[in-house]
Amino acid sequence: MRSPILGYLDTVIEETAHISAGDVAGYIPELAAADPDRVAIALCTVNGTVYSSGDVDHRFSIQSMSKPFAYALAIEDHGLGAVLDNVGVEPSGEAFNELSLDPETGKPRNPMINAGAIATHALLKSDEESSVERMLKLFSQLTGRQIDIEEAVAASELGAGDRNLGLAHLLRAAGALAQEPGPAVEGYIRQCAASVTVRDLALMAATLANAGVQPETGEQVLRRQTTRQVLSVMASCGMYDAAGDWLSTVGIPAKSGVAGGIIGVLPGQIGVAVFSPRLDPHGNSARGIEMMKRLSEDLGLHLMDTGRPARSSLRETRTVIVEGQPATIYVLQGDLVLSSIESLVHEIIEHPPQTDLIIFDMSRVDEVHAVARRTSSDMATKLVEEGHQIILIDPDETVTDFQDSQGRPVERWSPHRLEQATEGPER
Ligand code: GLU
């Protein structure tokens, strides 16, 4: 049976076929020769399932969609602080090829515009391997296949690279470029010429959605904190001077490239990629934007759409007899984040437990956010101070630092021990 999701992607392609506005990038001769009617779309879930439609095997150069990944590699190389010392995180509101330097710090405004991306590329470590080889290795880890450079595109852009070279000289003069302008621009242009398909891009985006873990191989390619930073900058600066319009209409972190690709990331859920070479005046794919708008609307991707409130973390409260003593059991579930743990706190405050013994059953809990750990730890401390005894059922050890007010670890039981000790419902 063909998946309805594939059918849906076909529909997005069909229903945007009338969009022929815009022009292919003219300033790089090799890109000017692209077939403007090519179109493709792919999405990849954090479980590693890829759906794609259209010219799915068509290869094109990654261009500026490489920038978030170069930024990620620079952060992995030097740590976030050192990278922030060199490149800012403020949207420039200007075109991608402007020299947007912060007047106060002299740093490029952000790593998504060319000036910031050239400075970022120049930061990459290159000891045994060159910075470009390292970028290709990263792309290959992210896509699960060997990624190479489209040499004709690289040569063509190098031949027409005066503007980027000019930016690099100005950066160097401002003390904002760690390398000589020539090699920095060449490295950056080769990074942009990596050859990819929409499937590759969807996997790359899905790795960002999946906290740095490549969903097919399970490899932790980037650290979680790194992906958080990259996604934040994509959200505010990814679509150049159209970033605000993008965030309010499509509502997900994204990055476009002048060959016609756009990637988008819904954190925790999916990575998407679209391709259509005609560009709007901002340098973003015109039909690509329309396809992304539809995906966002139809699949409910907008980050600010509050249609899905977090579930309560309190599944049920029971009173039972445990080892001959009445006990209140709170059964918790799902991810414990601020809004979900609040429901437990509220319940305990509004209906204080009537038994000395209190059992928190965390067998159904997936993850505990730091705020939930703090809040529940404070609450446990208060309950102990009021004379309660606390037992934790936490077979997966989702919480490891629960302590009472004297700093003693809270008693832990296995689910089996609880079952053996429980005599049955009391009420
Ligand atoms: N390599 C291109 C340039 O530097 C990337 C621009 C883009 O994709 O937006 O001009």
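Residues numbered from 1 in each chain as written. Predicted model: local features only at pLDDT ≥ 70, side-chain atom pairs only at ≥ 80, totals over all residues. Heavy atoms only, no water.

Draft legend 1. Structural detail: the site of the ligand. In the vicinity of the ligand, the contacting residues are Y27, Q63, S64, F96, N114, E157, N164, Y188, C192, Y240, G257 and V258. In this structure, a nitrogen atom belonging to the ligand sits 2.7 Å away from a side-chain N or O atom of Q63. Between E157 and the ligand, the recorded distance is 2.7 Å, taken from a side-chain N or O atom to a nitrogen atom. Relative to its unbound accessible area of 290 Å², the ligand is 99% covered by the protein chains. Residue composition of the shell around the ligand, by class: six nonpolar, five polar and one charged. (Near = heavy atom within 4 Å. Polar contact = N/O pair within 3.5 Å; in protein donor to acceptor, adjacent residues only side chain to side chain. Areas by Shrake-Rupley, 256 points an atom, 1.4 Å probe, with all protein chains shown as cover. Nonpolar A, V, L, I, M, F, W, Y, C, P; charged D, E, K, R; others polar.)

Draft legend 2. Region of the structure containing the nonpolar core. One finds F69, F139 and L201 to be the most contacted residues of the largest nonpolar core, which totals 60 residues. For this core, the secondary structure elements donating two or more residues are β1 (40-45), α3 (67-78), α6 (131-143), α7 (151-159), α10 (198-209), α11 (224-237), β6 (261-266) and β7 (270-275). Broken down by element, this core gets its largest block of residues, nine residues, from α10. Excluding anything up to four places from it in sequence, L201 contacts F60, I62, M65, V196, I263 and A273. (Core = buried A, V, L, I, M, F, W, Y, C linked by side-chain atoms within 4.5 Å. Buried < 20%, exposed > 50% of the residue type's maximum accessible area, 1.4 Å probe, protein only. Helix = DSSP H or I, 4+ residues; strand = E, 2+ residues; numbered from the N terminus. Contact = heavy atoms within 4.5 Å.)

Draft legend 3. Just the packing of helix α5 (residues 114-123) against helix α8 (residues 162-173), in detail. Relative to each other, α5 and α8 sit at 70°, their axes nearing to 10 Å. Between α5 and α8, the angle is such that the two are roughly perpendicular. Crossing of α5 over α8 shows right-handed handedness. Counting all contacts with α5, which are made through N114, A115, I118 and A119, the residues of α8 involved are N164, L167, A168 and L171. Its residues assigned to classes, the contact of α5 with α8 shows six nonpolar, two polar and no charged. (Axes fitted to C-alpha atoms, helices over the stretch in contact; angles between N-to-C directions. Parallel < 35°, antiparallel > 145°, perpendicular 65-115°, else oblique. Left-handed = near helix turned anticlockwise from the far one by under 90°.)

All we've got here are geometric facts, nothing functional implied.
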